[in-house]
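# Coordinate inspection notes
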Amino acid sequence: MSVYLDHNASAPMLPRARAALLDAFEMVGNPSSVHSPGRALRALIDNARDRIAKAAGAETKQVVFTGSATEALTQAIVGGVKAFAIDRVVVCATDHAAALKAAEASGVSVRIVGVDAHGVIDRDALKQQVETASAAGEKLLVAVSWINNETGVVQPRRSLEALIGPTPHILVIDAVQAFGKRDLDFAASATDMMAISAHKIGGPAGIGALLVKGHADTVRLIPGGGQEQGRRGGTESAALIAGFGAASEEFAEVFEADRAAALVAAFENRLISVSPDAVIFSRGAERVGTTVNFAVPGIKNTVAMMGLDLAGIAVSSGSACSSGKVGRSHVLSAMGVPPDLSECGLRVSFGWSSAAEDIDAFFSAFETVLSRHRRNGAAA
């Protein structure tokens, strides 16, 4: 039986989310139609929007459905540059590729703010960017990932809001890994736009949302009909949205942060026990409590992942959004991790369905990988 330890990439679908998805697939119509089948689908979407807004601490009207969090971030950044006449986009070096690529595609200059050795953003460098732009009469769009998907590092969101909020600049938060694990409190916050996703919390893939404040309501990316109050063209996928809405409620009921954190602690203790030379990245920073990013010097992630996969253990080397990506992580590189060590980086991420038995299964397989590595080293 396979063991799934890659929740940061995509969580197993929750039962009620699956049921909501399948039930909606049985319905027919277009949610923009005025006949009864169309109205039934519209009601399904409205209900899901209400549930997601509640989970995000947002107003219902602030939820704009998108095809993914990548699309949501692209709408926020590319669309935001146009809507707000932005002069420059500022991103964090460890942001998800979705934000980094959107910044590149925005059509304006991009500034990258570095991080410390633990992966925490250099707030002084960001402050300097903000002050320099303000003095020059320029307008910035600042995009930061609240919780890093590779290391689990939690960026100081409230501090960033305190820095950006009183200014004319725009703050975009990638909250994909935070949704369901932290209080987003979007409506009362100083964040202008925020991206979330369904499949990270046990909902279906292919559906995300952009949370927008009223002053950002003109931010557009996909033109079309009047869907999503004109903020995102294209017929809504009622089934995926229904699954998203169900997951946003169910995840809050089944995900136990303390239990996940205990699994992380047990994993890390076991890791150091079997491999004292293992390096656990970002251990000195605040982390979300679901993620362990580590390396055993000399064991490349390509080799380790192959051995684990053959044993039925699913882990990753970082973000799953770069097709076929195995090797060096831009996140670890930004943290100053040497290339030979970053090539050994592995990520284990726990979630709603994880159990202590998963750790036992992992180390049963990983100790075989370690033994093989040590035998090869001795032979050399």
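Structure first, text after, so check above.
Description of the structure in this document.

Here is what the cut-offs are and how they apply
Residues numbered from 1 in each chain as written. Predicted model: local features only at pLDDT ≥ 70, side-chain atom pairs only at ≥ 80, totals over all residues. Heavy atoms only, no water. Pairing = 2+ DSSP bridges. Helix = DSSP H or I, 4+ residues; strand = E, 2+ residues; numbered from the N terminus. Axes fitted to C-alpha atoms, helices over the stretch in contact; angles between N-to-C directions. Contact = heavy atoms within 4.5 Å. Phe/Tyr/Trp six-rings, centres within 6.5 Å; stacked < 30°, edge-to-face > 60°. Buried < 20%, exposed > 50% of the residue type's maximum accessible area, 1.4 Å probe, protein only. Salt bridge = Lys/Arg side-chain N within 4 Å of Asp/Glu carboxyl O. Core = buried A, V, L, I, M, F, W, Y, C linked by side-chain atoms within 4.5 Å. 1 Å grid on protein atoms, 1.4 Å probe; cavity = no way out; pocket = protein on both sides within 12 Å on 5 of 7 lines; lining within 4 Å. Points joined across faces, edges and corners; volume = space filled by probe spheres on them. Nonpolar A, V, L, I, M, F, W, Y, C, P; charged D, E, K, R; others polar. Parallel < 35°, antiparallel > 145°, perpendicular 65-115°, else oblique. Left-handed = near helix turned anticlockwise from the far one by under 90°. Arc of directions from axis to C-beta.

Reading across from one edge, β2-β8-β7-β6-β5-β3-β4 is the order of the seven strands in this open sheet, with mixed pairing throughout. In the strand order of this sheet, the two ends are held by β2 (63-66) and β4 (109-113), each with one partner. Within this sheet the neighbouring strands show an average axis-to-axis angle of 20 degrees, counted without direction. As paired strands, strand β6 (residues 170-174) and strand β7 (residues 193-197) are joined by three bridges and run parallel to one another. When the bridges of β7 are listed, Ile173 appears paired with Met194. Contacts from helix α3 (residues 69-83) reach β2, β3 (88-92), β5 (140-145), β6, β7 and β8 (208-212) within the one sheet, and its direction differs from that of β7 by about 165 degrees. Sheet strands in contact with helix α6 (residues 157-164) are β5, β6 and β7, and its direction is about 165 degrees off that of β6.

Time to look at the packing of aromatic side chains. In this description, an aromatic ring pair is defined by two values, namely the gap between the centres and the angle between the planes. Evaluation of the coordinates by the stated rule reveals twelve aromatic pairs. On the basis of an interplanar angle of 10 degrees and a centroid distance of 4.9 Å, the ring pair of Phe251 and Phe255 is categorised as stacked. Here Phe251 falls in the buried class, since its relative accessible area comes to 3%. Between the aromatic rings of Phe363 and Phe366, the centroid separation amounts to 6.5 Å while the plane-to-plane angle is 80 degrees, which identifies the pairing as edge-to-face. Taken together, the residues Phe363 and Phe366, both in helix α12 (residues 356-379) and three residues apart, mark about one turn of the helix. For the pair shown, Phe363 and Phe366 are each scored as buried. One aromatic cluster is present, built from ring pairs that chain together Phe267, Phe294, Phe350, Phe362, Phe363 and Phe366.

Under the counting rule described, the total for this entry stands at 17 salt bridges. Notably, a salt bridge pairs Arg157 with Glu161, separated by 3.0 Å at the nearest N-O pair. Highlighted residues: Arg157 and Glu161, both in helix α6, separated by four residues, approximately one helical turn. Since its relative accessible area comes to 3%, Arg157 is described here as buried. Measuring nitrogen to oxygen at the nearest pair gives 2.9 Å for the salt bridge that ties Arg158 to Glu161. Taken together, the residues Arg158 and Glu161, both in helix α6 and three residues apart, mark about one turn of the helix.

Our next topic: the nonpolar core. With 67 residues, the main nonpolar core has Phe65, Leu126, Leu184, Ile196 and Phe244 as its most contacted residues. If one sorts the elements of this core by residue count, helix α7 (residues 238-254) sits on top with nine residues. Those residues in contact with Ile196 that lie beyond four places of it in its chain are Ile52, Ala69, Ala175, Val176, Phe179, Leu184, Gly208, Ala209, Leu211 and Phe244. Leu271, Ile280, Ala304 and Val348 belong to the second largest nonpolar core, which has 28 residues in total.

Take empty space enclosed by the protein next. With the rule as written, the count across this model stands at one cavity of 30 Å³ or more. Empty space within the largest cavity amounts to approximately 40 Å³. Considering the residues around the largest cavity, the lining is formed by His7, Asn8, Ala11, Lys181, Lys200, Phe251, Phe350, Gly351 and Trp352. Taken together, the residues that form the lining of the largest cavity break down as four nonpolar, three polar and two charged.

Spatial strand order, β9-β10-β12: three strands in an open sheet with antiparallel pairing. Each end of this open sheet is capped by a strand with a single partner; those strands are β9 (279-280) and β12 (345-349). Sheet analysis places β9 next to strand β10 (residues 291-295), joined by two bridges and oriented antiparallel. Within the sheet, the bridge partner assigned to Val279 lies in β10 and is Ala295. Helix α8 (residues 257-274) contacts β9, β10 and β12 of the sheet and is inclined by roughly 15 degrees relative to β10.

Where helix α1 (residues 15-25) meets α7, the axes come as close as 7 Å, and the angle between the chain directions of the two elements is 160 degrees. In terms of their interaxial angle, α1 and α7 are classed as roughly antiparallel. Here α1 and α7 pass one another in a crossing that is right-handed. Contact with α1, carried on its side by Pro15, Arg16, Ala17, Ala20, Leu21, Ala24 and Phe25, involves Ala238, Ala239, Leu240, Ala242, Gly243, Ala246, Ala247, Glu249, Glu250 and Glu253 of α7 and no other residues of that element. Here the contact of α1 with α7 is composed, by residue class, of twelve nonpolar, one polar and four charged.

Moving on to the side chain of Glu236. For Glu236, the position within the fold is in the loop between β8 and α7. The residues touching Glu236, leaving out its near neighbours within four places in the chain, are Pro31, Ser32, Arg42, Ile45, Gln227, Glu228 and Ile241.

Among the residues of α1, Ala17, Ala20, Leu21 and Ala24 are the ones counted as buried. Looking straight down α1, one finds its buried side chains confined to an arc of 100 degrees; they lie on one side. Exposed residues lying more than 90 degrees from the buried face of α1 are Pro15 and Asp23. As for α1, its buried residues are in contact with α2 (36-56) and α7.

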